[in-house]
Structures are given as C-alpha cells and as structure tokens.
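The residues making up each chain are set out below.
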Amino acid sequence: MKGFDVPTALVTLLLVLIVWSAVRLALTVRGRSRGFLSDANRATYETLHTAARAARHLGAGLTPTGGAKAAKHLRVLLDTPALALTDAAGVVTWEGAGGHHAEQVAALARSTLRDGATVVLDQGEVHCLDPDCTIRGVVISPIASEGRVVGALAAFGPHADAGLVRATGEVAGWLSAQIELAELGKERSRATEAELAALRAQISPHFIYNSLAAIASFVRTDPDRARDLLLEFADFTRYALRRGGAFTTLADELRNVERYLVLEQARFGERLQVSLLIAPEVLSVTVPYLTIQPLVENAVRHGLANLERTQTVSITAGDLGSEAEIVIDDDGSGADPARIQGILDGTIETQSHGLANVDARLRTIYGDDRGLVVETAPGAGMRVSFRVPKFLPATHPAADPKLATP
C-alpha cells in the first residue's frame, strides 16, 4: 500500500499498547487505593455504614418516627423480608412485606417483653391465611436499657434459621446500646435544665431585694433615675426568668449583663467601675443562656465584699478563629485557689452556686475540656474565662425574650 511505513506503524502500535497498559495499571492502583482489598472489607464497611445510618434516627430513643426510619436500615442489616420494632405499649413500626402480620406482633412479643427471652418460631409457626405470603417464621429478641426490657426486635421471614437467630440477637443488643445512649442524652439534658432552674431560683431572691432597695433610694431624690432603673430591672428579670431555649446570642447575654451592672452601680456608686471590650464579630455567636451574668455577679459580690476602695470589673469577648473567648476580670479581693477548685469540684459547699453551675453546664454542653478557667489568689483579684465554638449546629438561640412569657 502506497505511503504505508511498516516500522512507523509498529512503533505506533507499541506506543498504543504501552499507553493502554499504563492506563490499566493506574486505574487498578486507583481502584485499590480508593476501594477495598477484599470482599470481607467491603462487607464490613457496608455493615458499619448501614448501622451508622440507622443510629442517626435513634437519638430520641425508640420513637415511632425514628423507629420507622431506622427500621429500613435494620432490615438491610438482617437481610430479612420484614421487620418490626415494638415497645412496651405496642408496635412502633413495621418494615417490609407482609404488613398484615403487624397485628400479630404484640401477641408474639408478649413473652419477650415480660421475661426478656428470645422467641424463635420456625417455618409454619407464624399463621397466615395468604398462600402467597412468604412469612412463616420469626425471631424476636429483647431490647433492654439499664437492665430492663423496653422493647423488642422481630425479624420475619420464610423460616428462622440459626443464622437469623444470632443476627437478630446481635442487632437487638446494638439497639439496646443506642437506646441507653439516648436515655443518657435525655438525662444530661434534664440535668442541664435543673441546673438552669436552680440558677434562676438563686438570682431571684438575692438580686431582686438589693435592686428594689437601690431603686427605692432614688424615688424621692431622683425620680427620673428611679424610673429608668425600674425599667432596667424589669428587662433584666424578664430575661433572667424567661421560658425559652437553653441558648442565646452573645449580644443578648451581654445586653442583660449591662442591665445588671447598671443596677449594681446604682447600689455601689463610684466604688464599681466597669470596662467592656467586645469584638463585633463574636456578637452573633451562640452561648448557653445565663452564663456570663452569674460570673459577673460573682466578681461584684465577692470582689467588693472586703474592699473599701474602687473595684473594676472588665468583660472581654474576643475572636479566636473557630472559637470565641469570654473573660471576666476583676481587681477585687481574690480568693484561695484551692477553695475555688473545691467549689468547682463540688467538694466545698457555698451559698453562691454561680461558678459551679456555669462550669457544670459548660462541661455538659461542650465537653469536660470546655469548663471555666479560674485564675486567682488572695488580694490579687480573679480572672474567669471560657471558650465556646463559634459554629455549633446543635445549638440554637431562643426567640426574643421580650416575646416569651415568664
């Protein structure tokens, strides 16, 4: 053929083969690095991934809504045609084929809920009038929390072999762990709410009496100031006693601190000086409700207790990148560091629970490494600081406290 160069064609063919081999090798290496080295690894990943997807819906416990969503993934884990979840009150959800068997679950699970024993009904022992229905057996295993049976997992299928019995028992055990975690979360939430209620109860009698006494002292000598102080007092108590969420913005928290300090300055006069240094970019950061005011109150009450001179309380809120840092610093009388540590640990009792309360709530919400940092010594004042993440999706500030009903 004219114009066909054999050596050139061979070289071209060799180059094509080399490039193709290189591409295949690269694709193979990439697949191995991004994929799985064995079928066992793939099966392990898929099992863990499915379990994780089910766990997302169990955060509130064994609820109908969460149970229905989790059951889809649990049925995949057990590889069974149908699955039911039940609690002590009845069927929480049915997932899969043969929905007409759902009415049988309560009766079938009765002994499991009562005795905590796994029930196995093999082929033909689950009655059904539909000749085309494949459900003829079931394995029912208990779901327990803190030593008591709170529900049951029922896996339905053509028969109940040994593999399904073991798998159902393991998944029920895993469900038990998830329910216990949900209960623990509820307990921590209840504990936080109780601590907040205790803090409100402490603020009310102590602060109300002193504030009203200060306002009364101006009624005759300076009626306009008395009126302004009364309005500040009303706004402060509305915020402190509001019924809302456990979080607010730093701006709202600081605004309430300002009200508190205005009322305290009316009481102490020039003996109390205040300094604020707030980075504007952290004003929208979400913080736990009533965290800063108790710390400022602690600085005022205990800092001025044994002083005749002027005391300065400084409040700083700074931007540390992913975190916001809040610092309350005073040049008052200070305290013994060992005593402060004992108050935070709960080994020393005190009539003022502000420090310990705020520290406990911060640790409950953010973790043990996010509690208060207290630096003090007798006669050297006190510096109390804490940090909060600037972005935490699980927290939401409450609505405007002026719209809430105390």
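Residues numbered from 1 in each chain as written. Predicted model: local features only at pLDDT ≥ 70, side-chain atom pairs only at ≥ 80, totals over all residues. Heavy atoms only, no water.

Chemist: Help me out: how do you make sense of helix H7 (residues 223-240) in this one?
Modeler: Each full turn of the α-helix corresponds to 3.6 residues, which orients residues three or four apart in the same direction. Compared with an ideal rise of 1.5 Å per residue, which puts 18 residues at 26 Å, H7 spans 25 Å between its outermost C-alpha atoms and is within 8% of the ideal. Among all positions in H7, only Ala226, Leu229, Phe233, Phe236, Thr237, Tyr239 and Ala240 are buried. Viewed along the axis of H7, the buried residues span an arc of 155°, placing them on a single side of the element. Projecting away from the buried face of H7 at angles above 90 degrees are the exposed residues Asp224 and Arg227. (Helix = DSSP H or I, 4+ residues; strand = E, 2+ residues; numbered from the N terminus. Expected span 1.5 Å × (residues − 1). Buried < 20%, exposed > 50% of the residue type's maximum accessible area, 1.4 Å probe, protein only. Arc of directions from axis to C-beta.)

Chemist: Where do I start with the packing of aromatic side chains in this structure?
Modeler: Each aromatic ring pair is specified by the distance between its two centres and by the angle formed by the two planes. Counted under the stated rule, the structure contains three aromatic pairs. Each ring, one from Trp94 and one from Phe156, has its centre 4.9 Å from the other, and the planes form 45°; the classification is tilted. With Trp94 in strand S2 (residues 90-96) and Phe156 in strand S5 (residues 148-157), the pair connects residues that are 62 residues apart, well separated along the chain. Of the two residues examined, Trp94 and Phe156, each falls in the buried class. (Phe/Tyr/Trp six-rings, centres within 6.5 Å; stacked < 30°, edge-to-face > 60°.)

Chemist: How should the nonpolar core be read in this particular structure?
Modeler: Most often, soluble globular proteins keep nonpolar side chains buried together rather than apart. Counting 45 residues, the largest nonpolar core has Ile292 and Val296 as its most contacted members. Counting 21 residues, the second largest nonpolar core, distinct from the first, contains Leu78, Val150, Ala160 and Ile179. (Core = buried A, V, L, I, M, F, W, Y, C linked by side-chain atoms within 4.5 Å.)

Chemist: I'm lost on the state of the cysteines in this one. Help?
Modeler: In protein chemistry, a disulfide is the covalent bond that joins the sulfur atoms of two cysteines. The final tally for this structure, using the stated rule, is zero disulfides. Not engaged in a disulfide, the cysteine Cys133 finds its nearest cysteine sulfur in Cys128; these two sulfurs lie 3.8 Å apart. (Disulfide = S-S within 2.5 Å.)

Chemist: What exactly am I supposed to notice about unusual backbone geometry here?
Modeler: With the exception of glycine, most residues fall at negative phi, and the peptide bonds are largely trans. Positive phi is not limited to glycine here, since Asp79 has a value of about 50°. Its location among the elements puts Asp79 in the loop between helix H3 (64-78) and strand S1 (82-87). Residue Leu290 is not a glycine yet carries a positive backbone phi of 60°. The buried category is assigned to Leu290, whose relative accessible area is 0%.

Chemist: Quick question: what am I supposed to make of the sheet that holds S5 here?
Modeler: Two pairing modes exist for strands in a sheet, parallel and antiparallel, and in both the strands are linked by backbone hydrogen bonds. Within the open sheet, the five strands sit side by side as S2-S1-S5-S4-S3. Their pairing is antiparallel. Among the strands making up the open sheet, the edge pair consists of S2 and strand S3 (119-121). Sheet twist, expressed as the mean angle between neighbouring strand axes with direction ignored, is 15°. Here strand S4 (residues 137-145) runs beside S5; their pairing, made up of nine bridges, is antiparallel. For Ala144, the partnering residue across the bridge sits in S5 and is Val149. Its contacts with the sheet put H3 on S1, S2 and S5, and the angle it makes with S2 is roughly 45°. (Pairing = 2+ DSSP bridges. Axes fitted to C-alpha atoms, helices over the stretch in contact; angles between N-to-C directions. Contact = heavy atoms within 4.5 Å.)

Chemist: Is there a simple way to explain the side chain of Arg370 in this structure?
Modeler: Structurally, the position occupied by Arg370 is in the loop between helix H11 (354-366) and strand S11 (373-376). In contact with Arg370, other than residues within four places in its own chain, are Glu323, Leu362, Arg387, Val388 and Pro389.

Chemist: Sorry if this is basic, but what is going on with the pairing of strand S10 (residues 323-330) here?
Modeler: Residues in a regular strand project their side chains so that they alternate between the two faces of the sheet. S10 sits mainly inside the fold: seven of its eight residues count as buried. Sheet topology places strand S9 (residues 311-319) next to S10; seven bridges connect them, and they run antiparallel. In the sheet register, Ser314 faces S10, and the bridge partner there is Asp329. The hairpin turn running from S9 into S10, its antiparallel successor, is three residues long, and Gly321 in that turn takes a positive phi close to 85°. Inspection of the sheet shows S10 paired to strand S12 (residues 382-389) by eight bridges, in the antiparallel sense. If you follow Glu323 over to S12, its bridge partner there is Pro389.

The values are spatial; any link to function lies outside them.
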